[in-house]
Amino acid sequence: MTEEITLEEVELRPGKFCDVFLQVNLELVDCECTSHCGDGMVTERWQEVEIHDIHVEKLMYWTDSDTGVEISVAALDEQDFKRIDELAAEKIESSLP
């Protein structure tokens, strides 16, 4: 499935905040674990997210006058993409029931 996600006020440079608009290809995987508990068995079920791909669609930089300026995705470096990937995964996982 593909989800559109917005990461708001991401600080990619010191004191510089951007909103990052993403398309994320992901899959929700049903997981379970069964174990012994006393004389019986207990099964726990949960969902995990497998992120297959994250694509940055747009970056909006907010100036001091609260004006949004779109900046090129090409301005991002490898460290920026790692940070965005981490934040996107956190946001997706926190939204699971």
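Keep in mind it's a predicted model, so treat the numbers as computed, not measured. Sequence positions are assigned chain by chain, starting from 1 and proceeding in written order. Restriction of local features to residues with pLDDT of at least 70 applies here, the model being predicted, together with a cutoff of 80 or more for giving and counting side-chain atom pairs; totals for whole chains, interfaces and linings are based on all residues. Hydrogens and water molecules were not included; the side-chain quantities draw on all heavy atoms of the structure.

## A short note on the packing of aromatic side chains
A ring pair, where both rings are aromatic, is described by two values, the distance of the centres and the angle of the planes. Note on ring pairs: Phe, Tyr and Trp rings are taken, using the six-membered ring of Trp, and paired if centres are within 6.5 Å. Classes follow the plane angle, with under 30 degrees stacked, over 60 edge-to-face and the rest tilted. Throughout the structure, instances matching the rule amount to zero aromatic pairs. Cation over ring: lysine 58 sits above phenylalanine 21, and NZ or CZ is 4.9 Å from the ring centre. The criterion for a charge sitting over a ring is simple: Lys NZ or Arg CZ within 6 Å of the ring centre, and within 35 degrees of the ring normal.

## Concerning unusual backbone geometry
Unlike most non-glycine residues, glutamate 9 shows phi in positive territory, near 55°. Strands are runs of DSSP state E lasting at least 2 residues, helices are runs of H or I lasting at least 4, and numbering of each runs from the N terminus. Mapped onto the secondary structure, glutamate 9 falls in strand β1 (residues 2-13).

## Overview of the environment of methionine 1
Its place among the elements puts methionine 1 in the segment before β1. Residue classification places methionine 1 among the exposed residues on the basis of a relative accessible area of 53%. C-alpha separation for the pair methionine 1 and glutamate 93, spaced 92 residues apart in sequence, amounts to 15 Å. The contact definition used throughout considers only heavy atoms, calling two residues in contact when any of these lie within 4.5 Å. For methionine 1, the contacting residues outside a window of four places in its chain are Val24, Asn25, Leu26 and Leu28. In this scheme, a residue with accessible area under 20% of its type's maximum is buried, one over 50% is exposed, and one in between is partly exposed, where area comes from a 1.4 Å probe on protein chains only.

## Observations concerning the sheet that holds strand β4 (residues 68-71)
Here we have four strands laid out as an open sheet, ordered β1-β2-β3-β4, and antiparallel in their pairing. Both outer strands of the open sheet, β1 and β4, are each paired with one neighbouring strand and no more. The mean inter-strand angle of the sheet, taken between neighbouring strand axes irrespective of direction, is 50°. The axes used here are C-alpha line fits, helices contributing only the stretch in contact, and every angle between their N-to-C directions lies in the interval 0 to 180 degrees. Those strands touched by helix α1 (residues 78-94) are β1, β2 (16-37) and β3 (40-62), and its axis lies near 125° from that of β1. A pair of strands is considered paired only if DSSP assigns at least 2 bridges between the two.

## Re the side chain of aspartate 19
Relative to the helices and strands, aspartate 19 resides in strand β2. Just so you know, the count uses Lys and Arg for positive and Asp and Glu for negative, and it drops His and the chain ends. Take a side-chain nitrogen of Lys or Arg and a carboxyl oxygen of Asp or Glu: if they are within 4 Å of each other, that pair is a salt bridge. No salt bridge forms around the buried aspartate 19; measuring N to O, its nearest opposite-charge neighbour lysine 58 is 9.1 Å away. For this analysis, a polar contact is any N or O atom pair within 3.5 Å, provided that within protein one partner can donate a hydrogen and the other can accept it, and provided that sequence-adjacent residues contribute only side-chain to side-chain pairs. Here the side chain of aspartate 19 touches tryptophan 62 through a polar contact of 3.0 Å, side chain to side chain. Discounting residues that sit within four places of it in the chain, aspartate 19 has contacts with Leu7, Glu8, Glu9, Lys58, Leu59, Met60 and Trp62.

## A short note on the pairing of β3
Pairing of β2 with β3 involves 20 bridges; the strand directions are antiparallel. Within β3, the residue paired with cysteine 37 across the bridge is glycine 40. Across four bridges, β3 lies against β4 in antiparallel orientation. Its bridge partner being in β4, methionine 60 is matched across the sheet by glutamate 70. The turn joining β3 and β4, which pair antiparallel and follow one another in sequence, is formed by five residues; a positive phi near 60° is taken by aspartate 66.

Keep in mind these values describe shape, not function.
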